[in-house]
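Reading the structure
Chain residues, written in single-letter form:
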Amino acid sequence: MKKRVKVIERDDVVVKFAGDSGDGIQLTGAQFSDTSAFIGNDLATFPDYPAEIRAPQGTVEGVSGFQVHIGHKEIQSPGDQADVLVAMNPAALKANMKWVKPGATIIVDISNFDSRHYKRAEYVEDPLGDGSLDDYNVVRAPITEMTRDVVKHKGLDLKTADKTRNQFVAGILFWLFNRDLKIGENFLRDRFRNKPKLIDANIDVLRAGYNYAETVEAIEATYRVKPAEKGAGYYRNMNGNTAIAWGLLAAAEKSRCKLYLGSYPITPASEILQELVKTKNIGTIAFQAEDEIAGVCSAIGASFAGCLGVTTTSGPGLSLKSEGIGLGVITELPLVVVDVQRGGPSTGLPTKTEQSDLLQALYGRHGESPCIVLASSTPANCFDFAYEAARLAIEHMTPVILLSDGYLANGSELWHIPKMSDLPEIKVPRVLDNDPSYKPYNRDPETLARYWAVPGQEGLRHQIGGLEKADVTGEISYDPFNHEIMTLIRREKIDKVVYYIPKQQVIGNPEGDLLVIGWGGTFGTLYTAVKEMQEEGHSISLAQFNYIDPLPYNVPDIFGRFKNIVVCELNLGQFASCLRSKLPQFHYLQFNKIQGLPFLISELKNKFREILGLPQN
Amino acid sequence: MENYEKTTVKDFKMDQAARWCPGCGGHAVLAAVQKALPETGIKKENIVFVSGIGCSSRFPYYINTYGFHGLHGRGAAIATGIKLANPGLSVWLATGDGDSMAIGGNHFIHLLRRNLDINILLFNNKIYGLTKGQFSPTTPKGSITKTSPNGTIASPFLPGELAMGAQGNFFARVVDNDLEMMQKVFIAAASHKGTSLVEILQNCVIFNDAVHAEITSKELRDDNTIFLEHGKPMLFGRNKEKGLIREDSRMKVVQIGQNGITRKDILIHNAIDREDTRHYMLVRMMLPEYPIAMGVIRSCEASTYEDTYYGQIQVSRDKSTIKNVDDLFMSGNIFKLENHNGD
Ligand code: SF4
């Protein structure tokens, strides 16, 4: 007998999956996001996992989480708090109670709620029995037990059998969100296409979870989130790292430069390398080097030979590449350096997000060593800014540092698939064979970019390198005046990029009481907080920066129209100090957070209210 | 050869003279390379000289080919990028004992392990020249230098030994005062497919003069070196009256005609057998017990990194339905949204 439950229409819902890092939490989260994307919900995700591959089981530090925010309306952040929490063990429950909305649905795997697990999670009392969850809709699902029962004749060992548990959870969620099971089944067929035995088992467990949810009378209501209000077209669920890889591929194809990636594995950037090694089918050269330095140096070599040279890394790797980037600056070759930032210094918080490499990107090299610095601000626009980084590197013959972060790298959102023909042109400053006027440091008078002659071309043999070169001729020069000229040219070349980038946008009124400034990956939460306050009628606008060096030319004009400016960053104020030195005529307030976590909308709003002199909510 | 071009020494000369110290071994090496290149038949535009930092690494500025003067120790990594980007180029790496044995040791061993078709000219003067006289990883133990006033403490690296430990397939040794030998060996290095390492015993007149005197002086040279050629007996001495045999597990120097030794007893050099453990012994031979081994000591065939890489690209291209970036965008899990604003 099918029981009838209430179906609640929602504009948006936040779901959080939590369990041990070996529980397949990230997979379940990815599957839920993919199926949400598939039925057309807008979404934003936030995976949050410990640095250890298999952190101590059952402990609060070992909890791996995946938060998904889906919606019918525009979704820009993964949300502060969850409407639905799935806790695979007591530690997962403990770690997440403060991130759950009052009255939320909490699904627990009751098979793991025993005294042994309570002890590991350092619970003194049984959290399910002490009344602390009375205000929530708690579903006590025997997930592990029922899963084992379903797969007991499948010939799987216990470990593999338990790994299919996450599909039981997925099944419950499919029912909870009124979704078609077929979508989930297809996801599994694709995921395990090389392990047919697992397809069967996983699909059976998925169905069992769905049937369980339908039969048991513990769930009071199900949700329906209608498709998002998006323009017509093709979409896919896109995370930041894949978006960067694809943006680079697109730029390489557009510019007809072979893509060369020289990289060394590092969290949280490795997926870019992993993605690009899969694209040999379109001719990518993706080289796993012996270290970070070889990554950047081989990319510079490849650029010298005519490729779009790229290296990808995170903060510690950026430090190691500093000298190499300087070589790119003085040889004036195209080079894209992607830094997926994480908590530092040193190994710091490798799996957590932070924005603390900004000053390193701007100034972290010896000598006067300017390069273009960009920052992507959503998982999907990592595509646009990887493309933009490559475009500027090639057209202006310079290293470009693109700052992403751990939050963007692993987070995902809907991506409107572009057509290659719609992407902007990339003009490559090539030289024709045997051009008699070619000189290594002759420049385009507009951009000041030198021209790109490539080994193999006839009549253009030349030598470049790390020693200072004479203007135009490119001969080694120790002349003091020449060095000053070349230093000024290298700076001016970057400054001139301002004519080739878009104006800074403001979200909201172009003038008012408070201008919120952010840069890079904080966009989603800043946008949501500012939007909510605008809807509440406050005079507040947002300027989220993607172009850091050079800054768009209209920035002083924007800043001058607001009574207050607050710079919000996940560091101690690096962009603020950069703005103070470049535009000292303005007064900058700061809001900073260094917890390895994104901003919360609530804390941002509190800060903004404080600045505006409004009472706290 | 497909892009064979007749070039002459002149094609590779620069207008300005090389700026090494007068009498530096570098000048002779440069001359030998400029003489060797025309004999390789490689188009001059397809040749790239890459380097790191050090006296030897000024090399790209002194030869008229494409050139890239890199960072200290990183020449091997830069050369790797160039070769992978365009395998059609003939890539040469000019480096030194400080550049490749110290700061760039990691890149050096990995280049050899990967076996990209790159020719390494390792100028071994056993000292830091450009920074003015500090010891290097190949400086003989106990040497007094600017940074070892009481003598160096650690054992020096033998580049050839390091190369074999790193799975190197080609190793040769030459000395900077023998132009003919250098030329011959450089041509052999160029024609070898895979990473070729040529150790050049180079004199630094300023900071380590005569470090190789025992093998460069006219009187001692014949007795103190043995020039090896594949398929030929391991003979040396002014009148080729001495040779090498194997006794127990070691090499032994013998005199022809003494103790019943005839020419037939002398070992024949086999440079191409990768399992030939004598390569290792030859590289390690040291005065005064043995002569120093010169010439091509090891030259074994093996697939190159770039050939395998581009082979994988070809296979992927042939097998995949994704032919361009648009195809990639539309592959896998995509979905279509109709315009249902506000439904
Ligand atoms: S210092 Fe030594 S190695 Fe350097 S150029 Fe002078 S002689 Fe040659």
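Residues numbered from 1 in each chain as written. Chains lettered and ligands numbered in written order. Predicted model: local features only at pLDDT ≥ 70, side-chain atom pairs only at ≥ 80, totals over all residues.

A word on the overall build of chain A
On a plain count of helices and strands, chain A comes out with 20 helices and 22 strands. For chain A, the C-alpha radius of gyration of 26 Å lies close to 25 Å, the compact-globule estimate for 617 residues. Residues counted as buried form 55% of the 617 residues belonging to chain A. In chain A, once contacts between residues fewer than 6 apart in sequence are set aside, the share between residues at least 24 apart is 77%. (Helix = DSSP H or I, 4+ residues; strand = E, 2+ residues; numbered from the N terminus. Rg over C-alpha atoms; globule rule 2.2 N^0.38 Å. Buried ≥ 20, exposed ≤ 12 C-beta atoms within 10 Å, placed from the backbone. Contact = placed C-beta atoms within 7 Å.)

Focus: the interface of chain A and chain B
The partner chain B presents 51 residues to the 60 residues of chain A that form the contact. Of all the secondary structure elements, the ones that give two or more residues to the side of chain A that touches chain B are helix H1 (25-38), strand S9 (233-239), helix H9 (240-255), strand S10 (259-263), strand S11 (285-288), helix H11 (292-304), helix H12 (315-331) and strand S17 (463-465) of chain A. Counting residues per element, the side of chain A that touches chain B draws most heavily on H11(A), at nine residues. Where S9(A) and strand S12 (residues 335-337) of chain B come together, three bridges link them in antiparallel fashion. Across the sheet, the residue bridging to Tyr234(A) is Lys336(B), located in S12(B). (Pairing = 2+ DSSP bridges.)

Focus: the packing of helix H6 (residues 165-176) of chain A against helix H8 (residues 196-215) of chain A
The description of two packed helices rests on the angle between their axes and on the distance between the axes. Residue and element names in this part refer to chain A. Their axes nearest at 7 Å, the elements H6 and H8 cross at an angle of 45 degrees. The angle between H6 and H8 places the two elements in the oblique class. Relative to H8, the crossing made by H6 is right-handed. On H8, the residues touching Gln167, Phe168, Val169, Ala170, Gly171, Ile172, Phe174, Trp175 and Leu176 of H6 are Asn202, Val205, Leu206, Arg207, Ala208, Gly209, Tyr210, Tyr212, Ala213 and Glu214. Per-class residue counts for the contact of H6 with H8 are 13 nonpolar, four polar and two charged. (Axes fitted to C-alpha atoms, helices over the stretch in contact; angles between N-to-C directions. Parallel < 35°, antiparallel > 145°, perpendicular 65-115°, else oblique. Left-handed = near helix turned anticlockwise from the far one by under 90°. Nonpolar A, V, L, I, M, F, W, Y, C, P; charged D, E, K, R; others polar.)

As for the domain arrangement of chain A
Residues and elements named next belong to chain A. Assigned domains of chain A: these are domain 1 (6-225), domain 2 (236-422) and domain 3 (512-611). Centre-to-centre separation of domain 2 and domain 3, based on C-alpha positions: 25 Å. Listed per partner, the contact involves 23 residues of domain 2 and 21 residues of domain 3. Those elements that place two or more of their residues in the side of domain 2 that touches domain 3 are helix H13 (358-363), strand S14 (372-375), strand S15 (399-405) and helix H15 (406-410). The element contributing the most residues to the side of domain 2 that touches domain 3 is S14, with four residues. Its residues assigned to classes, the side of domain 2 that touches domain 3 shows twelve nonpolar, eight polar and three charged. (Domains from an automatic or database assignment.)

Considerations on the site of the ligand
Taken together, Trp20(B), Cys21(B), Cys24(B), Gly26(B), Cys55(B), Asn125(B), Gly129(B), Cys204(B), Val205(B), Ile206(B) and Phe207(B) make up the full set of residues near the ligand. In terms of residue class, the shell around the ligand is built from eight nonpolar, three polar and no charged. (Near = placed C-beta within 6 Å.)

Concerning the sheet that holds S10(A)
Whether parallel or antiparallel, the strands of a sheet pair through hydrogen bonds between backbone atoms. All names here are of chain A. The seven strands are arranged S11-S10-S12-S13-S15-S14-S20 in an open sheet whose pairing can be described as mixed. Every interior strand has two partners, whereas the edge strands, S11 and strand S20 (547-549), have only one. Averaged over all pairs of adjacent strands, the angle between strand axes in this sheet comes to 20 degrees, irrespective of strand direction. This element, helix H10 (residues 270-277), spans S10, S11, strand S12 (308-313) and strand S13 (335-341) of the sheet and lies at about 130 degrees to S11. Seen against the sheet, helix H14 (residues 381-396) touches S12, S13, S14 and S15 and runs at an angle of roughly 170 degrees to S15.

Side note on the pairing of S13(A)
All names here are of chain A. Judged by how many residues are buried, S13 sits mostly within the fold: seven of seven residues are covered. Burial along S13 is two-sided: the face carrying Leu335, Val337, Asp339 and Gln341 and the face carrying Val336, Val338 and Val340 are both buried. In this sheet, S13 lies alongside S12 in parallel orientation, the contact comprising five bridges. Within S13, the position partnered with Gly309 by the bridge is Leu335. Regarding the hand of the β-α-β motif, the stretch spanning S12, H12 and S13 is right-handed. As defined by bridge partners, S13 adjoins S15 across seven bridges and the pair is classed as parallel. Considered in S15, the bridge of Val337 is made with Ile401. (Right-handed = clockwise from strand over helix to strand, strands pointing away.)

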